Amino acid sequence: MSGSPLLALEDVHIGYGWDARSVTPVVRGVDLTVAAGEVVGVAGESGCGKTTLAMAAAGLLDPPGRVTAGRILFEGADLRAMSPEQLRRLRLAEISMVFQASMNVLNPVTRVRKQFLDAMAAHGVRNEDEAIARAREMFDRVRLPQRFLDAFPHQLSGGMRQRAVIALCLVLRPKLVLLDEPTTALDVVVQRSIMQMLSELRSELGFGVVFITHDLSLLVEVADRIAIMYAGQVVEEAPAKHLYGAAGHPYTRALMSAFPPLGVARVRMEGLPGQPPDLRRLPPGCAFAPRCLQAVEGTCDAVAPPASSSEGHRVVCHLYEPKEAPVG
Amino acid sequence: MVSTLGAPGVPAEAEAGQVPALEVVGLTKTYSVGKVGKPKIVRALTDVDLCVARKEIVGLVGESGSGKSTFARTVALLEQPTSGTVKVEGVAVPSRPGSADLRAHRRRVQMIFQDPYTSLDPLHKIRYAVGRPLESLAGLPRALRRGRMEQVLGQVGLVPPADFLNRYPYQLSGGQRQRVGIARALAAEPTLLLADEPTSMLDVSIRLNIMNLLLDLRESQSLSMLFVTHDLAGASYMSDRMAIMYAGHLVELGPSAEVMGQPRHPYTQLLRQAAPDPASQFGRDTTFEARGDPPDLTDLPPGCPFAARCPHVREDCRTGLPTWRQVAGGHQVRCVLYGT
């Protein structure tokens, strides 16, 4: 296994459609790698393909969703070549996913304990004492009192439920955890304490993380590397600190300024005009060109933008020149 | 693209003698829950005082369950206050209003709801949503309604308005729906808008557009606004003053730059510390600790509601509710740490 990254997406294309002739492309040629213990953030607007990408990386994509091209390598093995049974063994045990609406993830009519036992039994931990011991240990780690193992989901608050779901996702010690907007539905104080807990757990347990969110200001705090997606493509990828200081793509800059800064003099900021393109009728050039204030007519709207990269900072834009002093 | 806003804090017209757009004194709202014969009282709002001056935007900030939406809904009379007075433009709202009083109140006070996906009737066209207030509140003759509908749709940036009148909600994007929600609220020409988390369901890229629209409408329509949110950054961007709510109590009130720049109440400090703030990041202390949870509203402690979680708690915090203290011009805090 040495040498291959934990997760490697190679030119992944994903589309939705029952009929091969009318597939809507949702992810269009994404390359992304996650090393063991690394936190990679994926940010973008609704509909940019970030959740679809994560579902495919977790082997959870169901028809009409389909990986139409490319490879999804987990420790060097292609998920696309695996049988449903192989995928089933992989999920939760090796790759687990925390969803946005955790309240809808737990079964409302069974106690939390039973859901832990079922999940572990499905992966071969059939000794109940051992399973309970592992569930208790995980509850300690996410700082939930053990007595809540005997609770029904509705007896927990939103933040506690999300902690329980995180505990469930980590109980089999997966190597890769996909977090899809894990704190969006939560209050800011709860969000902060869950983020901190996740970062402690990661340093203790050493799993790799793909963190999906639309909240770029949160992402620059928690991620090692950030990929910005627009209309199914990664338009910029960079180390988090680099991205915050020197965003190269106009879309990244627009996303950054979508969050008003705290505690400084109030200055009027402009939002992003327009809407993402219809993925069935993509423009010939850069997908962002119709909304881009800096778009150059005849170039951006006509020719697909090239990718330029230096020092791990990759930008897909006609206007980006990596040699220049960083802007922003 | 960058222009400075007017001086935050004191609104331009908040001079002496002006009747405030909204004046709330001692507002308390309780609900009865639990088993028959053994009811529990949920204290959703406890003795809340808050004024909104004309053309002022006040941000009401708190976590889920803090009572901020209940406050807005009670001001809008979607809930009946248990006690306390609500005055809009100096006119007290009767505690059991008749239908004429209620209609007059609704004309002055309109709400923008959080979720543009569920607050519009999916079976009716936009003309219905925007036209109803014209009929029932403004009493506009039928012949004039269409012109007014097109006018308000234009004001919220849905152009050409005539196109939007005949569309159904499902044909609109989330941002467009929220604009319809704003147009509906504006239709009866209110003076006070109660915006209950108007951007939280929207995509990040369009939140700023909706907030800018509300700021522009404040100027062009001379509106006053209560902006209810849990998003500190959004609140400080939108509001002249911010009010921080915890467990149904206001705990801090002041000019936004003051409250965010120098938060005084330990709860406000906790919120401020928890908010993502990339500008001050990298090497931020990782000692953030949110001790405990908000108190049970059916069993509130006698003293400060934050006492159980407060790192600076003293004995007198647990016995009585602290009084309001002035810490700077227009900046008040309800905490024993600041003088008497």
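Look up: the structure comes first, before these words.
Throughout what follows, the structure given in this document is the object of discussion. (Residues numbered from 1 in each chain as written. Chains lettered and ligands numbered in written order. Predicted model: local features only at pLDDT ≥ 70, side-chain atom pairs only at ≥ 80, totals over all residues. Heavy atoms only, no water.)

1. Examining the overall build of chain A
In step 1: The number of helices and strands found in chain A is 9 helices and 12 strands.
In step 2: Its C-alpha atoms give chain A a radius of gyration of 21 Å, near enough to 20 Å, the size a compact globule of 328 residues would have.
In step 3: Counting the 328 residues in chain A, one finds 53% classified as buried.
In step 4: Look at the contacts in chain A between residues 6 or more apart in sequence, and 65% of them connect residues 24 or more apart. (Helix = DSSP H or I, 4+ residues; strand = E, 2+ residues; numbered from the N terminus. Rg over C-alpha atoms; globule rule 2.2 N^0.38 Å. Buried < 20%, exposed > 50% of the residue type's maximum accessible area, 1.4 Å probe, protein only. Contact = heavy atoms within 4.5 Å.)

2. Quick notes on the environment of Arg 148 of chain B
All names here are of chain B.
In step 1: Its location among the elements puts Arg 148 in helix H4 (residues 142-155).
In step 2: Here the alpha-carbon distance between Arg 148 and Leu 134, two residues 14 residues apart in the chain, equals 8.2 Å.
In step 3: Look past the residues within four positions of Arg 148 in its chain and what remains in contact with it is Leu 134, Leu 140, Gln 155, Leu 186, Ala 187 and Glu 189.
In step 4: At a separation of 3.1 Å, a polar atom in the side chain of Arg 148 contacts the side chain of Gln 151. (Polar contact = N/O pair within 3.5 Å; in protein donor to acceptor, adjacent residues only side chain to side chain.)

3. Focus on the pairing of strand E12 (residues 313-316) of chain A
Residues and elements named next belong to chain A.
In step 1: When strand E10 (residues 233-239) meets E12, the two strands line up antiparallel, connected through 2 bridges. Paired with Glu 236 across the two strands is Val 315, which belongs to E12.
In step 2: The pairing of strand E11 (residues 307-310) with E12 spans 4 bridges and is classified as antiparallel. Opposite Ala 307, over in E12, you have Val 316 as the bridge partner.
In step 3: Counting the residues that bridge the hairpin from E11 to E12 gives 2 residues, and of these Glu 311 lies at a positive phi of roughly 50°. (Pairing = 2+ DSSP bridges.)

4. A few points about the state of the cysteines
In step 1: Inspection of every chain in the model, using the stated rule, returns 0 disulfides over all chains.
In step 2: The thiol of Cys 310 of chain B is not disulfide-bonded; the next cysteine sulfur, from Cys 335 of chain B, is found 6.1 Å away. (Disulfide = S-S within 2.5 Å.)

5. Considering the pairing of strand E8 (residues 224-229) of chain B
Residues and elements named next belong to chain B.
In step 1: In terms of burial, E8 is a largely internal element, 6 of the 6 residues being buried.
In step 2: Here E8 shows two buried faces, one formed by Ser 224, Leu 226 and Val 228 and the other by Met 225, Phe 227 and Thr 229.
In step 3: Relative to E8, strand E3 (residues 57-61) runs parallel, the two being bridged by 5 bridges. Following the sheet pairing, Gly 59 is matched in E8 by Phe 227.
In step 4: Here 5 bridges tie strand E7 (residues 192-196) to E8, and the two strands are oriented parallel to one another. Its bridge partner lying in E8, Leu 193 is registered against Met 225.
In step 5: Running through helix H7 (residues 204-221), the crossover from E7 to the neighbouring parallel element E8 is right-handed. (Right-handed = clockwise from strand over helix to strand, strands pointing away.)

6. Digging into the nonpolar core
In step 1: Ranked by size, the top nonpolar core spans 107 residues in total, and within it Phe 116, Phe 139, Ile 166, Leu 176, Leu 216, Ile 226 and Ile 228 of chain A carry the most contacts.
In step 2: Sorting elements by how many residues they give to this core places helix H5 (residues 158-170) of chain A first, with 8 residues.
In step 3: If near-sequence neighbours (up to four positions away) are discounted, Ile 166 of chain A is found in contact with Val 98, Val 142, Ile 194, Met 197, Leu 198 and Leu 201 of chain A.
In step 4: The next biggest cluster of nonpolar side chains, apart from the first, holds 38 residues, and it includes Ile 112, Val 130, Leu 158 and Ala 187 of chain B. (Core = buried A, V, L, I, M, F, W, Y, C linked by side-chain atoms within 4.5 Å.)

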